[in-house]
Amino acid sequence: MATTFKAVVYADNKRQDGTYNVKIRLTHRRQTLKLSTNIYVASHQLTRSLKIKDQSVIDATTQIIMRWRSIVGALGAVADSLTAKQIVEHIKREELRKQAFSLDFIEYMRKVGAQLHAGTGKNYAATANALARYTDGTPLDISGRHLYTSMYQTENRMSYMQI
């Protein structure tokens, strides 16, 4: 069964300053959940029936909805066996994962080494070059999961090379 998303504004979500929080309504297997966004609208951006009429707000919510649809779509048939709450948890996990810290350690070492004294910089460059040779020139992303995956693949490749 399809998971649907819609940007909605509810009258009971009016703040003291007169703005409303835009929520994304997720419906999955006849279960409905409302997810808050960081988007707020004033009454002049809404119709009398609280439908969003400001195009910039519509574009922002459409972008969020398209991103969430692609996350749920990547689940494939597995999504049918999940509850709406599990779908929301999966979306939040994926959003956090995409915002995770990422740094190519080898490139960072080279950049820092270039700013240091000549002797220390040469040591940094030699270490960076050794790491680059070890990983066959692939970036060494130190964002946790990527580091383990890339090092594991390199170790497997190295063990095949030694046989």
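Scroll up to find the structure this text is about.
What counts, and at which threshold
Residues numbered from 1 in each chain as written. Predicted model: local features only at pLDDT ≥ 70, side-chain atom pairs only at ≥ 80, totals over all residues. Heavy atoms only, no water. Helix = DSSP H or I, 4+ residues; strand = E, 2+ residues; numbered from the N terminus. Buried < 20%, exposed > 50% of the residue type's maximum accessible area, 1.4 Å probe, protein only. Contact = heavy atoms within 4.5 Å. Pairing = 2+ DSSP bridges. Axes fitted to C-alpha atoms, helices over the stretch in contact; angles between N-to-C directions. Parallel < 35°, antiparallel > 145°, perpendicular 65-115°, else oblique. Left-handed = near helix turned anticlockwise from the far one by under 90°. Nonpolar A, V, L, I, M, F, W, Y, C, P; charged D, E, K, R; others polar. Expected span 1.5 Å × (residues − 1). Core = buried A, V, L, I, M, F, W, Y, C linked by side-chain atoms within 4.5 Å.

Colleague: Sorry if this is basic, but what is going on with the environment of Ala-132 here?
Modeller: Among the secondary structure elements, Ala-132 is positioned in helix H4 (residues 118-134). Ala-132 gets classed as buried once you look at its relative accessible area, which sits at 14%. Residues Ala-132 and Glu-107, spaced 25 residues apart in sequence, show a C-alpha to C-alpha distance of 9.4 Å. Contact partners of Ala-132, with chain neighbours within four places excluded, come to Ile-106, Arg-110 and Gly-137.

Colleague: Before we go on, may I ask you to explain the pairing of strand S1 (residues 4-14) in this structure?
Modeller: Alignment of S1 against strand S2 (residues 20-28), held across 7 bridges, turns out to be antiparallel. Counterpart to Ala-7 in the pairing with S2 is Ile-24.

Colleague: Looking at this structure, how should I read the packing of helix H3 (residues 105-115) against H4?
Modeller: Where H3 meets H4, the closest approach of the two axes is 8 Å, and the angle between their N-to-C directions is 165°. Here H3 is positioned roughly antiparallel relative to H4, judged by the angle of their axes. In terms of crossing hand, the pair formed by H3 and H4 is left-handed. Between H3 and H4, the contacting residues are Phe-105, Ile-106, Met-109, Arg-110, Val-112 and Gly-113 on the first element and Gly-121, Tyr-124, Thr-127, Ala-128, Asn-129, Leu-131 and Ala-132 on the second.

Colleague: Looking at this model, I keep getting lost on the packing of helix H1 (residues 55-75) against helix H2 (residues 84-98). Mind explaining?
Modeller: In a pair of packed helices, the angle between the axes and the distance between the axes together describe the arrangement. Packing of H1 against H2 brings their axes to within 10 Å, and their N-to-C directions diverge by 110°. Between H1 and H2, the angle falls in the class roughly perpendicular. Between H1 and H2 lies a crossing of right-handed hand. Of the residues in H2, those touching H1 at Arg-67, Trp-68, Ile-71, Val-72 and Leu-75 are Ile-87, His-90, Ile-91, Glu-94, Glu-95 and Lys-98. Per-class residue counts for the contact of H1 with H2 are 6 nonpolar, 1 polar and 4 charged.

Colleague: Teacher, can you tell me more about H4 here?
Modeller: Every α-helix winds through 3.6 residues per turn, so residues three or four apart in the chain are directed the same way. When the terminal C-alpha atoms of H4 are compared, their 24 Å separation across 17 residues agrees well with the 24 Å that a helix rising 1.5 Å per residue should span. Buried residues along H4 sit in contact with H3. The positive-phi residue at the C-terminal boundary of H4 is Asp-136, with phi of around 55°.

Colleague: Sorry, what's going on with unusual backbone geometry here?
Modeller: Phi is mostly negative for residues that are not glycine, and the peptide bonds are mostly trans. Residues other than glycine seldom take positive phi values, yet Arg-30 does so here, at roughly 65°. Secondary-structure assignment places Arg-30 in the loop between S2 and strand S3 (31-41). Assessed through its relative accessible area of 77%, Arg-30 is described here as exposed. A positive phi angle is found at Leu-50, which is not glycine, with a value near 65°. Secondary-structure assignment places Leu-50 in the loop between S3 and H1.

Colleague: What is the right way to look at the nonpolar core in this model?
Modeller: Soluble globular proteins tend to pack their nonpolar side chains together in the buried interior. Membership of the largest hydrophobic core comes to 25 residues, with the highest contact counts inside it found for Phe-5, Trp-68, Ile-87 and Ile-91. Listing elements by their share of this core, those giving two or more residues are S1, S2, S3, H1 and H2. Ranked by residues supplied to this core, first place goes to H1 with 7 residues. Ile-91 has contacts with Phe-5, Leu-26, Trp-68, Ile-71 and Val-72, leaving out every residue within four places of it along the chain.

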